[in-house]
Amino acid sequence: MVSFKSLAVSAVTSMLAIQTANAHYVYSILIHNGEQTPDWQYIRQNSNNIQPHKQFLNPTDDFRCNAGSFQNAGRTQVRTVSPGDTLGFKLWNNGQILHPGPMTIHMSRAPGNVQQYQGEGEWFKVYEDIICGPMNPLRDTDWCSWDQASVSFQVPASTPPGQYLVRVEHIAIHGAESGDTEFYFTCAQIEVTGNGSGNPGPLVRIPGLYDSNDPALRFFIYGAQSYPFTQIGAHSVWRG
């Protein structure tokens, strides 16, 4: 006979599992100059769905565009954009970010057809947000990304023409002290037109994007009065 206590424990466990799943998310929608495109039309679909990537301490090639994504590169379309255009990323299924942490967006120019590019080249950061609230003490709502369904940036005006991967990433640091940092990221495929002649940088590679001992990504947020870091990773944002 099943006891009331067993049923109660089972109910709580199920509720926590549902809450955990609801707190996870994945970027599946590209927004171009305000136009929202269908799920996965221009973004490579990953195989781990809404689950976080936890390769902070020992990253592999999957840290570029997420697990299984390159298998979908050929069926993912390439969106044509102009320098100065606004690109945005929206979460699948009307999701919202309910984990504390920073946001970054990186780009990597493909040597040719981006549908055949695995992201093994160099990357540069084009967007970053961290804290927008007052802190003192640090609250979840102080993070710029908290409760947001989308993020956007302006393609730098001097971006050289070519095909690119654009990697959007939210970093959840509620378990960061132990290295249990969670990464939620996907890659869009775009082609930049025009005649931009900028020199993007600083340049990084993936794996190698972050130092596993970076205090900004190993910070214990609970009980903290503030988040003292103004940059994620050793490389700054390129604004063209």
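Rules used throughout
Residues numbered from 1 in each chain as written. Predicted model: local features only at pLDDT ≥ 70, side-chain atom pairs only at ≥ 80, totals over all residues. Heavy atoms only, no water. Pairing = 2+ DSSP bridges. Helix = DSSP H or I, 4+ residues; strand = E, 2+ residues; numbered from the N terminus. Axes fitted to C-alpha atoms, helices over the stretch in contact; angles between N-to-C directions. 1 Å grid on protein atoms, 1.4 Å probe; cavity = no way out; pocket = protein on both sides within 12 Å on 5 of 7 lines; lining within 4 Å. Points joined across faces, edges and corners; volume = space filled by probe spheres on them. Nonpolar A, V, L, I, M, F, W, Y, C, P; charged D, E, K, R; others polar. Disulfide = S-S within 2.5 Å. Buried < 20%, exposed > 50% of the residue type's maximum accessible area, 1.4 Å probe, protein only. Salt bridge = Lys/Arg side-chain N within 4 Å of Asp/Glu carboxyl O.

Caption draft 1: Local environment of the sheet that holds strand β4 (residues 86-91). Here we have 4 strands laid out as an open sheet, ordered β2-β1-β4-β7, and antiparallel in their pairing. Two strands in the sheet have a free side with no partner beyond their single neighbour: β2 (35-36) and β7 (150-154). Both strand β1 (residues 27-32) and β2 contribute to a ladder of 2 bridges, which runs antiparallel. Residue pairing for β2: His32 is matched across the bridge by Glu35.

Caption draft 2: Structural detail: the sheet that holds strand β8 (residues 162-172). Ordered in space as β3-β9-β8-β5-β6, the 5 strands form an open sheet in which the pairing is mixed. Looking at which strands have only one partner, the edges of the open sheet turn out to be β3 (79-81) and β6 (124-129). Across this sheet, the average inter-strand angle for adjacent strands is 30°, counted without regard to direction. Taken together, the 3 bridges between β3 and strand β9 (residues 182-192) define a ladder with parallel strand orientation. Residue pairing in the sheet places Val81 in a bridge with Val192 of β9.

Caption draft 3: Inspection of empty space enclosed by the protein at higher detail. Enumeration according to the criterion identifies 1 cavity of 30 Å³ or more in this entry. Its volume calculated, the largest cavity comes out at about 30 Å³. What lines the largest cavity is Gln55, Phe56, Pro59, Phe63, Gly208, Leu209 and Tyr210. Residue composition of the lining of the largest cavity, by class: 5 nonpolar, 2 polar and no charged.

Caption draft 4: Fine view of the state of the cysteines. A complete count under the given rule lists 2 disulfides for this structure. One disulfide bridge connects Cys132 with Cys144, the sulfur atoms lying 2.0 Å from each other. Judged by the sign of its S-S torsion, about 95°, the cystine formed by Cys132 and Cys144 is right-handed. Placement of Cys132 in the loop between β6 and β7 and of Cys144 in the loop between β6 and β7 is noted, with a sequence separation of 12 residues between them. By relative accessible area, Cys132 is classed as exposed at 60%.

Caption draft 5: Inspection of the pattern of salt bridges at higher detail. Tallied over the full model, the rule gives 6 salt bridges. A salt bridge links Arg79 to Glu35; the nearest nitrogen and oxygen atoms lie 2.9 Å apart. Residue Arg79 is found in strand β3, and its partner Glu35 is found in strand β2; the two are separated by 44 residues along the sequence. The exposure class assigned to Glu35 is partly exposed, which follows from its relative accessible area of 43%. Here Lys125 and Glu128 are joined by a salt bridge, their closest N and O atoms 2.8 Å apart.

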